[in-house]
Number of protein chains: 2
Amino acid sequence: MSIRALAFDVFGTVVDWRSSVTAELKRFGARHGVERDWPAFADAWRAGYSPAMDRVRRGELPWTRIDDLHRGRLVELLADAGITVDDAEIDDLNRAWHRLDPWPDAVAGLTRLKERFVITTLSNGNVSLLTNMAKRAGLPWDCVLSAEIFRHYKPDPETYLGCAEILDVAPSELMMVAAHPSDLRAARDAGLRTGFVFRPAEHGPDRTLRRPAADEFDVLAEDFSDLADRLAAREDFAP
Amino acid sequence: MSIRALAFDVFGTVVDWRSSVTAELKRFGARHGVERDWPAFADAWRAGYSPAMDRVRRGELPWTRIDDLHRGRLVELLADAGITVDDAEIDDLNRAWHRLDPWPDAVAGLTRLKERFVITTLSNGNVSLLTNMAKRAGLPWDCVLSAEIFRHYKPDPETYLGCAEILDVAPSELMMVAAHPSDLRAARDAGLRTGFVFRPAEHGPDRTLRRPAADEFDVLAEDFSDLADRLAAREDFAP
């Protein structure tokens, strides 16, 4: 029953992408003297992410990292919004996804969890994105694993099983931690343990998120501090 | 000319494998009541490493991680030495390579270098080995990259170029740091910058190592603190 490592989803689970990207877009707009509905722009940018990954997952696109998928969508959205800037400006704005701020509990919670478990990212974000983000935000990962390493995007089982294999633990010794039930269901189907963390503000104040059923995942936590408490209380999970 | 990231060889460059493995072997011997020439055993164990990787590099073996190459050699050496122990004991002893102690300057030097550059491993050690080692020794990597990720052992160019690509930097923006000229020559041939760190004690007191020529590599340093000083003094290298 013991758990040796925790693999974290990142966008939405560790970092607040919507507030961070909206703030970057507002600064971008101010610099260029344009006003738009920036929270809606951020949502539209993020909404392009899943369909683009699905094209890679279905083999319609060769392996393409998130930085490039994000950039493709950004170019479309800027065109739709009638905003023209040069390539270097687009590159810089695209790297907003490298500069996301963590949820307030994330660094302290990860630091506690790291005392007991190996903690890694398991994100669809590419390695350089995750590395730059961790460096800026002070996220204390033991290592940085990504869909990019496995050449498969979550929720493909190769990501969860590849993560266990490269950490040299059994799938049942690895807990996927995420704020998204679909990610956790796929991890569970691959034999991993699952920890749900509730991030009700992920999609902003106008979208209400509900908690999953209490018994669907191995642990249900309010934030990373609560996750550390709950894991510490489960002696059967001790590494 | 700027450098954005430093990739570190690990065995011998960051950690003192010979003293650490010898100490583990001595404890193993004491536990089992056997006495052998443990420094020579450690040298023989390490000497099996390059030929085994070469078999993988030539395609005679499928991809095999260092943990398994180390274990194969250990089983041979124990048999040669007439030592019989059970599989769990062999596994534990084999993980001595996860528990190597850093050179005294390593943690403080890396901590300084991390302020200015992205710092990563680029080792033939597998990801779990490097992750466990970093966790135990407090090595503050920004990310953990390994031959295992590129499915090529150094000095294959795929490792150096793969490291630059996954960090999203040009080869010339990445400096390989190693105590071994052969590693640095291969990195240079792939277009990377090179930093030599002198580790005269790597092979113990009876083997004298010489410094390479002063102009062969971009930087020649006595240890990681000296490397941080020398890189800070090179304004042309500033990220």
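Per an unreviewed UniProt entry, the recorded name for chain A is Haloacid dehalogenase type II, and the organism is Mycolicibacterium rufum.

Undergrad: Help me understand the overall build of chain A in this model?
TA: Along chain A, the regular secondary structure elements total eleven helices and six strands. Computed over the C-alpha atoms, the radius of gyration of chain A is 18 Å, within 12% of the 18 Å expected from 2.2 N^0.38 for a compact globule of 239 residues. Principal-axis analysis of the C-alpha atoms gives chain A an extent of 55 × 35 × 30 Å. Here chain A holds 239 residues, and the buried ones make up 56% of them. In chain A, once contacts between residues fewer than 6 apart in sequence are set aside, the share between residues at least 24 apart is 65%. Here chain A has roughly 10,000 Å² of accessible surface; of this, 48% comes from carbon and sulfur atoms. Averaged over its 31 positive side-chain charges, chain A has a centre that lies 1 Å from the centre of its 40 negative ones.

Undergrad: What am I meant to see in the relation of the copies chain B and chain A here?
TA: Superposition of the two copies of the chain requires a rotation about an axis and a shift along the axis. With an axial shift of 0.0 Å and an RMSD of 0.0 Å, the rotation relating chain B to chain A amounts to 180 degrees. Classification of the inter-copy transformation places it as that of a two-fold axis. For chain B, the smallest separation between a C-alpha atom and the rotation axis is recorded for B:Cys143, amounting to 2.7 Å. When the interface residues of chain B are mapped onto chain A, 100% of them again lie at the interface, so the same face is used by both copies.

Undergrad: Please explain the pairing of strand 4 (residues 174-178) of chain B as it appears in this structure.
TA: The side chains of a regular strand alternate, first on one face of the sheet and then on the other. Residues and elements named next belong to chain B. Most of strand 4 is tucked away: five of the five residues are buried. Residues Leu174, Met176 and Ala178 line one face of strand 4 and the alternating positions Met175 and Val177 line the opposite face, and both faces are buried. Here strand 4 pairs with strand 5 (residues 193-197) via four bridges, running parallel. Within strand 5, the residue paired with Met176 across the bridge is Thr194.

Undergrad: Would you take a moment to explain the sheet that holds strand 3 (residues 143-146) of chain A for this structure?
TA: Backbone-to-backbone hydrogen bonds pair the strands of a sheet. The strands run either parallel or antiparallel. All names here are of chain A. Read across the sheet, six strands follow the order 3-2-1-4-5-6 without closing on themselves; strand pairing throughout is parallel. Each of the sheet's edge strands pairs with one partner strand only, and the pair in question is strand 3 and strand 6 (219-221). When the angles between neighbouring strand axes are averaged without regard to direction, this sheet yields 25 degrees. One ladder, built from three bridges, connects strand 5 (residues 193-197) with strand 6; its direction is parallel. In the sheet register, Phe196 faces strand 6, and the bridge partner there is Leu220. Of the strands in this sheet, strand 1 (5-8), strand 4 (174-178), strand 5 and strand 6 touch helix 11 (residues 224-233), which is tilted by about 145 degrees from strand 6.

Undergrad: How should the environment of A:Thr131 be read in this particular structure?
TA: One can find A:Thr131 in helix 7 (residues 127-137). Separated by 72 residues in the primary sequence, A:Thr131 and A:His203 have C-alpha atoms spaced 24 Å apart. Contact partners of A:Thr131, with chain neighbours within four places excluded, come to A:Val144, B:Val118, B:Asp142 and B:Cys143.

Undergrad: Just to check I follow, could you spell out unusual backbone geometry for this structure?
TA: Most peptide bonds are trans, and most residues other than glycine sit at a negative phi. Residue and element names in this part refer to chain A. Going from Lys154 to Pro155, the amide bond is cis rather than trans, its omega being 10 degrees. Here Pro155 is to be found in the loop between helix 8 (147-150) and helix 9 (157-167). Despite not being glycine, Asp168 shows a phi value in the positive range, around 60 degrees. Following the sequence through the fold, Asp168 ends up in the loop between helix 9 and strand 4.

Undergrad: Help me out: how do you make sense of the interface of chain B and chain A in this one?
TA: When the parts of a complex come together, some accessible area is lost, and that lost area is often taken as the interface size. The interface is formed by 20 residues belonging to chain B together with 20 residues belonging to chain A. Together, the buried faces of chain B and chain A total about 1,700 Å²; carbon and sulfur atoms form 55% of this surface. Its largest share of buried area at the contact with chain A, chain B owes to B:Arg65, B:Lys135 and B:Ile166, together 29% of the area lost on that side. Counting the contacts that link chain B with chain A gives four salt bridges. The salt bridge involving A:Lys135 is made with B:Asp142; its shortest N-O contact spans 2.6 Å. Here chain B is connected to chain A by twelve residue pairs in polar contact (both at pLDDT 80 or more). Breaking the side of chain B that touches chain A down by element, the ones donating at least two residues are helix 7 (127-137), strand 3 (143-146), helix 8 (147-150) and helix 9 (157-167) of chain B. The biggest single contributor to the side of chain B that touches chain A is helix 7 of chain B, with five residues. A class-by-class count of the residues in the side of chain B that touches chain A yields nine nonpolar, three polar and eight charged.

Undergrad: Would you mind showing me how to read the pattern of salt bridges here?
TA: Close approach of charged atoms allows side chains of opposite charge to pair. All told, the structure shown has 56 salt bridges over all chains when counted by the stated rule. Two residues, A:Arg65 and A:Glu148, come together in a salt bridge whose shortest N-O distance is 3.5 Å. Here the residue A:Arg65 occupies a position in the loop between helix 3 (49-57) and helix 4 (66-80), and A:Glu148 occupies one in helix 8, the gap between them amounting to 83 residues. By relative accessible area, which is 6% here, A:Glu148 ends up buried. Linking B:Arg65 and A:Asp168 is a salt bridge whose minimum nitrogen-to-oxygen distance equals 3.5 Å. With one member in each of two chains, B:Arg65 in the loop between helix 3 (49-57) and helix 4 (66-80) and A:Asp168 in the loop between helix 9 and strand 4 form a pair that bridges those chains. On the accessibility criterion, B:Arg65 (14% relative accessible area) is buried. On the basis of relative accessibility, which here comes to 38%, the residue A:Asp168 falls in the partly exposed class. Bridged by salt links that share partners, the residues A:Glu24, A:Arg27, A:Asp92 and A:Arg99 form one connected network.

Quick notes on the rules
Residues numbered from 1 in each chain as written. Chains lettered and ligands numbered in written order. Predicted model: local features only at pLDDT ≥ 70, side-chain atom pairs only at ≥ 80, totals over all residues. Heavy atoms only, no water. Helix = DSSP H or I, 4+ residues; strand = E, 2+ residues; numbered from the N terminus. Rg over C-alpha atoms; globule rule 2.2 N^0.38 Å. Buried < 20%, exposed > 50% of the residue type's maximum accessible area, 1.4 Å probe, protein only. Contact = heavy atoms within 4.5 Å. Areas by Shrake-Rupley, 256 points an atom, 1.4 Å probe, with all protein chains shown as cover. Lys, Arg positive; Asp, Glu negative; His and termini not counted. Charge placed at Lys NZ, Arg CZ, Asp CG, Glu CD. Least-squares fit on C-alpha atoms with pLDDT ≥ 70 in both. Pairing = 2+ DSSP bridges. Axes fitted to C-alpha atoms, helices over the stretch in contact; angles between N-to-C directions. Buried area = accessible area lost by both parts, 1.4 Å probe. Salt bridge = Lys/Arg side-chain N within 4 Å of Asp/Glu carboxyl O. Polar contact = N/O pair within 3.5 Å; in protein donor to acceptor, adjacent residues only side chain to side chain. Nonpolar A, V, L, I, M, F, W, Y, C, P; charged D, E, K, R; others polar.

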